[in-house]
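Fold and geometry: a report
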Amino acid sequence: MTATRITVAGDRPYDVVVGGGVLGELGGLLGDGVRTVALVHPETLPEIARSVREAVEGAGFQVAALPVPDGERAKTAAVAAGLWAAFGRHGVTRSDAVVGVGGGATTDLAGFAAATWLRGIKVVQVPTTLLGMVDAAVGGKTGINTAEGKNLVGSFHPPAGVLCDLDTLATVPRDDYVAGLAEVIKGGFIADPEILRLVEDDPAAARMPEGGHTRELIERKVRVKADVVGADLRESGLREILNYGHTLAHAIERVEDYRIRHGEAVAIGMVFAAELSRLSGRIGPDLVRRTRDILTSVGLPTAYPREAWPELRDHMRLDKKNRGATRRFVVLDGLARVGRLEDPAEELLAAAYEEVAR
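Report on the accompanying structure.

**Some remarks on the overall build of the chain**
Each helix and strand in the chain was counted, giving 14 helices and eleven strands. Against the 2.2 N^0.38 benchmark of 21 Å for 358 residues, the chain shows a C-alpha radius of gyration of 20 Å, consistent with a compact globule. Across its three principal directions, the C-alpha atoms of the chain cover 60 × 45 × 35 Å. Here the chain holds 358 residues, and 57% of them are scored as buried. In the chain, once contacts between residues fewer than 6 apart in sequence are set aside, the share between residues at least 24 apart is 75%. Carbon and sulfur atoms form 49% of the exposed surface of the chain, whose accessible area is close to 13900 Å². Each charge class in the chain was averaged separately, 43 positive and 49 negative side chains, and the resulting centres sit 4 Å apart.

**Here we look at the packing of helix H11 (residues 262–279) against helix H12 (residues 285–297)**
Packing of H11 against H12 leaves a shortest axis separation of 9 Å and a crossing angle of 170°. In terms of axis orientation, H11 runs roughly antiparallel to H12. Touching Ala267, Met270, Val271, Ala274, Glu275 and Arg278 of H11 are Pro285, Val288, Thr291, Arg292 and Leu295, all from H12. Of the residues in the contact of H11 with H12, the class split is seven nonpolar, one polar and three charged.

**Focus on the environment of Ser155**
Locating Ser155 in the fold gives a position in strand E8 (residues 149–156). For the pair formed by Ser155 and Arg278, sequence separation is 123 residues and the distance between their alpha carbons is 34 Å. Other than its neighbours up to four places away in sequence, Ser155 contacts Phe112, Ala115, Gly140, Lys141 and Thr142.

**Overview of unusual backbone geometry**
Of all residues except glycine, most have a negative phi; of all peptide bonds, most are trans. One non-glycine residue, Leu118, lies in the positive phi region at around 55°. Mapped onto the secondary structure, Leu118 falls in the loop between helix H4 (104–116) and strand E6 (122–127). The phi angle at Ala336 is positive, at roughly 60°, despite the residue not being glycine. Within the secondary structure layout, Ala336 lies in the loop between strand E10 (328–334) and strand E11 (337–342). The class of Ala336 is partly exposed, set by a relative accessible area of 29%.

**Focus on the nonpolar core**
Counting 76 residues, the largest nonpolar core has Val16, Ile185, Phe272 and Tyr353 as the members making the most contacts within it. If we skip the residues at most four places from it in the chain, Val16 touches Thr4, Arg5, Ile6, Val8, Val138, Val162, Cys164 and Val222.

**What to know about the sheet that holds strand E1 (residues 4–8)**
Picture the strands of a sheet paired through backbone hydrogen bonds; they go either parallel or antiparallel. What the seven strands build is an open sheet, ordered E1-E2-E9-E6-E5-E3-E4; its pairing is mixed. Two strands close off the open sheet at either side, each with one partner strand: E1 and strand E4 (62–68). With strand direction ignored, the average angle separating the axes of adjacent strands in the sheet is 20°. Bridge analysis of strand E3 (residues 36–42) against E4 gives seven bridges, and the strand direction is parallel. When the sheet's bridge partners are listed, His41 is paired in E4 with Pro67. Packing against the sheet, helix H2 (residues 46–58) makes contact with E3, E4, strand E5 (97–102) and E6, and its axis sits at approximately 170° to E3.

**Some remarks on the packing of helix H6 (residues 174–190) against helix H9 (residues 214–231)**
At a minimum axis distance of 9 Å, the contact between H6 and H9 shows a crossing angle of 55°. As summarised for this structure, H6 and H9 are arranged oblique, according to the angle between their axes. For the crossing formed where H6 meets H9, the hand is left-handed. Here Tyr177, Glu183, Val184, Lys186, Gly187 and Ile190 of H6 come into contact with H9, specifically with Thr214, Leu217, Lys221 and Val224. Here the contact of H6 with H9 is built from residues that sort into five nonpolar, two polar and three charged.

**Observations concerning H6**
Each turn of an α-helix holds 3.6 residues, which means side chains three or four residues apart point in the same direction. Its 17 residues give H6 an end-to-end C-alpha distance of 25 Å, which sits within 8% of 24 Å, the value for a rise of 1.5 Å per residue. Most of H6 is tucked away: 14 of the 17 residues are buried.

Rules used throughout
- Residues numbered from 1 in each chain as written.
- Predicted model: local features only at pLDDT ≥ 70, side-chain atom pairs only at ≥ 80, totals over all residues.
- Heavy atoms only, no water.
- Helix = DSSP H or I, 4+ residues; strand = E, 2+ residues; numbered from the N terminus.
- Rg over C-alpha atoms; globule rule 2.2 N^0.38 Å.
- Buried < 20%, exposed > 50% of the residue type's maximum accessible area, 1.4 Å probe, protein only.
- Contact = heavy atoms within 4.5 Å.
- Areas by Shrake-Rupley, 256 points an atom, 1.4 Å probe, with all protein chains shown as cover.
- Lys, Arg positive; Asp, Glu negative; His and termini not counted.
- Charge placed at Lys NZ, Arg CZ, Asp CG, Glu CD.
- Axes fitted to C-alpha atoms, helices over the stretch in contact; angles between N-to-C directions.
- Parallel < 35°, antiparallel > 145°, perpendicular 65-115°, else oblique.
- Nonpolar A, V, L, I, M, F, W, Y, C, P; charged D, E, K, R; others polar.
- Core = buried A, V, L, I, M, F, W, Y, C linked by side-chain atoms within 4.5 Å.
- Pairing = 2+ DSSP bridges.
- Left-handed = near helix turned anticlockwise from the far one by under 90°.
- Expected span 1.5 Å × (residues − 1).

That is the geometry; function is a separate question.
Following this line, the structure appears as structure tokens:
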């Protein structure tokens, strides 16, 4: 299968390589001058990490394999400090590189460690989950969590390349794969409605990596993100549209202490954002209904308990899109037309959440 290369523009353009059995592309993405590669991977992915290590060593690089905890447990200052110490022990210099292998949490951590070691070294991301391929590994946003919230400490550090080997999706648990569809579907609502049509055409197939539209869905969502981050790396304007559904989602993740899957929280957050769009007079009920229907069709949640609202509201006050005391929400002005809602009344937010809680 021929690999597809999607270029992310910007000051330091890079390629996202999509295809099956494409680990051989790693050497080219790492480029010249690299001697040592720090391979950051979850402890739970030894076989995939071994395959990546063999590909990197086969391309002539020295490899230091650095396992980290799985999922959001890896995104802490303590784990990042452990990586910095390991980089020092293995002699990782400014001309060397980090390779992040795993889901979005691992690539976030690997990118952050690379961004902060020696004030920034090269990183190549090898996402192994649907969520990682279509969202977390693309775009150069890196970060770790704190007790106060998700991704509040981080850096913009574009990778030297992203390698999406579709063969690795066969190892992803079904619930995790379905959760990743939330970010794919989000891309349909904010920019590319063809994504929605493909999912609606066969929701059952969309739930499986072997589905007939899988590669096209991934490539379309990667192009949505590439177009946005290529024009706005540092989230000064356009890139905010990628946060559609994320304000409530991040609050839910905090309430759940990150035990809920990110995509599941985003699905609920998109319903909230759609209801907020409707109640503020921007869209009609049909688009809200379509949001619920398509998410439900692939098995994603669309509701959350009513009694959680006070705590969720408090967490939403500490959101990266806020500016001072001004709260800002990404909303829809129509299908594939994104707007911003600033300082909505408490009553409006509560009314939108009431629809989520029903």
